[in-house]
Amino acid sequence: MTKHDQLHRFLFESHSVRGELVSVSETYQRMLENHHFPQPVQQLLGELLVATSLLTATLKFNGDITVQIQGDGPVKLAVINGNNLQQMRGTARIDGEVNAAGSLRDMIGNGYMVITVTPTEGERYQGVVELDGDTLAECLDAYFKQSEQLPTRLFIRTGMLDGKIAAGGMLLQILPGVQENSEDMFDHLVQLTATIKGEELFTLDAKEVLYRLYHEEGVTLYKPQQVEFRCTCSRQRCADSLVTLPEADLQEILHKDGKIDMECEFCGMHYIFGKKDIFGEKDIFGEKDISEIKVVKKE
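The model shown is predicted, which means the values in this text are computed figures rather than measured ones.

(A) Local environment of the sheet that holds strand E7 (residues 125-130). The strand order across the open sheet built from 6 strands is E7-E6-E3-E4-E5-E12, with neighbouring strands paired in mixed fashion. Two strands lie at the open edges of the sheet, namely E7 and strand E12 (228-229), each paired on one side alone. Of the strand pairs in this sheet, strand E4 (residues 75-83) and strand E5 (residues 87-94) are connected by 6 bridges, and their pairing is antiparallel. Residue Asn-81 lies in a different strand from E5, and its bridge partner there is Arg-89.

Shown next as structure tokens:
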């Protein structure tokens, strides 16, 4: 049985510990459907997707969040961009051979993780942590120790379900101001949560998962939030970026190729600009009327 992607928040009634549970399989599949990444890169993006969703839910803000990994290995960049509405997209940039059995360090090399939060109102925040862990979850645990100073553990699962890629995860975190009284119970809950299997996260509803893990604990489960793939690319954004280029450069591209093909690296959408679109009656350097710009889907 499959289920739609949702993020669930929950609270242990007798302990000062909060939790999150997320399933992102449909979002994961949509995110990768126009890409042909090697399997290890697909898995890394799935893990990043789960982590970004869980991380976003720990923040009380309206705005965007970007979680990216950069390094000097064959995978130069892996990035997930999302927002407080749990609308997610992601991609990777590869330069070199990716070992099918390679670890995170094999793919990224010497690298670091950057988490950028851009609120609709307020100041932009950015946290940076070196990739010292063997897994993404370990690196994120280090990030929480460095930035939040709250005991936090992530549990990320990726795999296959009915022949399709699937992903989900959980997060536990001690509530602020009560760490000393909750650490022993937190460790106990971490041990219980670590037993969660990918198939359970991919197929069971939240109530069943929480009952299997914590049937001896009182847990309050809150209303879920939908998670979905959504790309923010648009014709207007492409036109706005073309406006910033020198006219001579645009003329050169048009002379060589007969068109300007702008591809969104997240969703694979192509926005095709012809000479008339740019320099004809629909001059983007004037009124920016791009109603005649063609849009085609990447094969």
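(B) Quick peek at the nonpolar core. In terms of nonpolar packing, the biggest core is built from 64 residues, with Leu-45 and Met-113 touching the most fellow members. It is helix H2 (residues 39-58) that contributes the most residues to this core, 10 residues altogether. Both of domain 1 (6-229) and domain 2 (235-279) provide at least three residues apiece to this core. Once residues lying within four places of it in the same chain are set aside, the contact partners of Leu-45 are Tyr-28, Met-31, Leu-32, Phe-37, Ala-78, Val-79, Ile-80, Thr-91 and Ala-92. Counting 21 residues, the second-largest nonpolar core is a separate cluster that includes Val-17, Phe-155, Leu-201 and Leu-213.

(C) Focus on unusual backbone geometry. Although it is not a glycine, Gln-86 sits at a positive phi angle of roughly 60°. A positive phi angle is found at Asp-162, which is not glycine, with a value near 55°. Its location among the elements puts Asp-162 in the loop between strand E8 (152-161) and strand E9 (164-174). Judged by its relative accessible area of 64%, Asp-162 is exposed.

(D) Representation of the environment of Asn-62 in the model. Mapped onto the elements, Asn-62 comes out in the loop between H2 and strand E3 (63-71). Placed 60 residues apart in sequence, Asn-62 and Gly-122 show a C-alpha to C-alpha distance of 9.8 Å.

(E) Highlighting the side chain of Thr-58. Structurally, Thr-58 can be placed in helix H2. At 2.6 Å, the side chain of Thr-58 and the backbone oxygen of Leu-55 are in polar contact. The residues touching Thr-58, leaving out its near neighbours within four places in the chain, are Arg-18, Glu-20 and Leu-171.

(F) Main features of the packing of H2 against helix H4 (residues 136-147). Two elements in contact, H2 and H4, have axes separated by 10 Å at closest approach and are oriented at 25°. Viewed along their axes, H2 and H4 adopt a mutual orientation that is roughly parallel. Crossing hand, H2 versus H4: right-handed. Taken together, the residues of H4 that come into contact with H2 (itself represented by Glu-47, Leu-48, Ala-51 and Leu-55) are Leu-136, Leu-140, Tyr-143 and Phe-144. Looking at the contact of H2 with H4 residue by residue, the class counts come to 7 nonpolar, no polar and 1 charged.

What counts and how
Position labels on residues start from 1 in each chain and follow its written sequence. Reporting in this predicted model follows two pLDDT cut-offs: at least 70 for local features of residues, and 80 or more for side-chain atom pairs to be given and counted; totals over whole chains, interfaces and linings ignore these cut-offs and use all residues. For side-chain calculations, the full set of non-hydrogen atoms in the structure is used, while hydrogens and water are omitted. Strand pairing is assigned whenever DSSP identifies at least 2 bridges connecting the two strands. By the criteria applied, helices consist of DSSP H or I runs no shorter than four residues and strands consist of E runs no shorter than two, each listed in order from the N terminus. The definition of a nonpolar core used throughout is a set of buried Ala, Val, Leu, Ile, Met, Phe, Trp, Tyr and Cys residues joined through side-chain atoms within 4.5 Å. Burial here depends on accessible area, computed with a 1.4 Å probe over protein chains only, as a share of the maximum for the residue type. Under 20% is buried, over 50% is exposed, and the range in between is partly exposed. For the purposes of this description, domain bounds are those given by an automatic or database domain assignment. The criterion used for residue contact is that any of the two residues' heavy atoms lie within 4.5 Å. Definition of a polar contact: a pair of N or O atoms within 3.5 Å, with one able to donate and the other able to accept a hydrogen when the atoms are protein atoms, and with sequence-neighbouring residues admitted only if both atoms are side-chain atoms. For helices, the fitted axis covers only the stretch in contact; all axes are lines through C-alpha atoms, and the angles between them, taken along N-to-C directions, range from 0 to 180 degrees. Roughly parallel here means an angle under 35 degrees, roughly antiparallel means over 145, roughly perpendicular means 65 to 115, and every remaining angle is called oblique. Two helices crossing with the near one rotated counterclockwise from the far one by less than a right angle form a left-handed crossing, whereas a clockwise rotation gives a right-handed crossing. Three residue categories are used. Nonpolar comprises Ala, Val, Leu, Ile, Met, Phe, Trp, Tyr, Cys and Pro, charged comprises Asp, Glu, Lys and Arg, and polar comprises the others, including Gly.

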